[in-house]
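Fold and geometry: a report
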Amino acid sequence: MVSFSSLMLLVVAILATSLVAVISDVGNFYQDAEVTWGDGRGKILNNGQLLTLSLDKTSGSGFQSRNEYLFGKIDMQLKLVPGNSAGTVTAYYLSSQGPTHDEIDFEFLGNLSGDPYILHTNVFTQGKGNREQQFYLWFDPTADFHTYSILWNPQCIIFSVDGMPIREFKNLEFIGVPFPKNQPMRIYSSLWDAENWATRGGLIKTDWSSAPFTASYQNFNANNACVSYSPGFTSCSSSGSSSSFNRAWLLQELDSTSLGRMRWVQENYMIYSYCTDTNRYSQGIPPECAYSNLNS
């Protein structure tokens, strides 16, 4: 008899294959991104189809999107630093600017060879974060490219890996929890040294003899995202929007099947959630946790 876990892993594999197949109308990094720091350590290659970031003892590197977005379905394929990546962090996130900024984070915390990466997620609203959730992955993220997606609409934020939802942050403004909906955000990514905290709380330091460390990016897709042109005006509100623009994501939430998949990931691969950290929140967990699916 096939176990439930085996069946779910088969579903994950099918989703991953399907997602790679449908990402055909992807962007070009020359058009969509700019390397912003690293003194040549960030490179756009293969006629704009590949971007790499590198880290050595002198510096890391980073890039950002040319556009800002106010809501969107955004996909990026990453292949993380292989081998001994302890002390390194590969960050991929959406963020606005300023002391009351909003932010939606994927961060990949490196580890010793053979030990798993930790996928760290967080949501900032009006400058306040502290909504961390961490996961192991069910595959080797250094062996091949995998798709990391953020769905951000007025109802919710959904983090997905290869089409599998891993976390949902709902709009719960009705109970006083701020939700990012007014500040356009740009996409940022960086590879940097965080040996003072990234691996086992800083106990494992970066092995610079393994440098340079390199992370790779391809198939950036923000076709279903609202480009912010000016306050209150985006490509989604423009009458000139492309007829191919799919607006279904603007109303998308997790259905019962997707909720089941997310629960499977959280039950099997989540290693930390702020919603269950009673030592940190001895006076009671944050209010949104009571409304979350499996404290997602």
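Predicted, not measured: the structure shown is a model, and the values here were computed from it. (Residues numbered from 1 in each chain as written. Predicted model: local features only at pLDDT ≥ 70, side-chain atom pairs only at ≥ 80, totals over all residues. Heavy atoms only, no water.)

A separate point is the UniProt feature "active site" (unreviewed entry) in the chain. Here, the residues flagged by UniProt with the feature "active site" (unreviewed entry) are Glu-103 and Glu-107. Relative to the helices and strands, Glu-103 resides in strand E6 (residues 103-109). Contacts of Glu-103, omitting those with residues within four sequence positions, involve Tyr-93, Leu-94, Ser-95, Asn-122, Val-123, Phe-124 and Met-185. Mapped onto the fold, Glu-107 is located in strand E6. Not counting residues within four places of it along the chain, the set of residues in contact with Glu-107 comprises Val-89, Thr-90, Ala-91, Ile-118, Leu-119, His-120, Trp-192 and Trp-197. (UniProt positions renumbered as here; feature names shortened; annotations may be inferred. Helix = DSSP H or I, 4+ residues; strand = E, 2+ residues; numbered from the N terminus. Contact = heavy atoms within 4.5 Å.)

In this model helix H3 (residues 256-269) runs 20 Å from its N-terminal to its C-terminal C-alpha over 14 residues, within 8% of the 20 Å that 1.5 Å per residue would give. Within H3, the full set of buried residues consists of Ser-258, Leu-259, Met-262, Trp-264, Val-265, Gln-266 and Tyr-269. Residue Asp-255 occupies the N-cap position of H3, its side-chain oxygen lying 3.3 Å from the main-chain nitrogen of Thr-257. (Expected span 1.5 Å × (residues − 1). Buried < 20%, exposed > 50% of the residue type's maximum accessible area, 1.4 Å probe, protein only. Polar contact = N/O pair within 3.5 Å; in protein donor to acceptor, adjacent residues only side chain to side chain.)

For the rest of this paragraph, the subject is the nonpolar core. Counting residues in each nonpolar core, the largest one holds 67 residues, and the members touching the most others are Ile-74, Phe-106, Tyr-148, Trp-152, Ile-157, Ile-166 and Tyr-217. Sort the elements by how many residues they give to this core and strand E13 (residues 213-230) lands first, with 8 residues. When near neighbours in sequence (up to four residues on either side) are disregarded, Ile-74 contacts Tyr-69, Tyr-92, Leu-94, Tyr-148, Ser-149, Ile-150, Ile-187, Phe-220, Asn-221, Ala-222 and Ala-225. Among the nonpolar cores identified, the runner-up in size contains 5 residues, and Val-89, Leu-109, Ile-118 and Ala-198 belong to it. (Core = buried A, V, L, I, M, F, W, Y, C linked by side-chain atoms within 4.5 Å.)

Of all the 6 residues making up strand E3 (residues 50-55), 6 are buried; the element is thus mostly covered by neighbouring parts of the structure. Sheet topology note: the strand E2 (residues 42-45)/E3 ladder contains 4 bridges and is antiparallel. Bridge pairing in E3 links Leu-45 to Leu-50. Counting the residues that bridge the hairpin from E2 to E3 gives 4 residues, and of these Asn-46 lies at a positive phi of roughly 50°. Of the strand pairs in this sheet, E3 and E13 are connected by 6 bridges, and their pairing is antiparallel. Each bridged residue has a counterpart across the sheet, and for Leu-55 the counterpart in E13 is Phe-213. (Pairing = 2+ DSSP bridges.)

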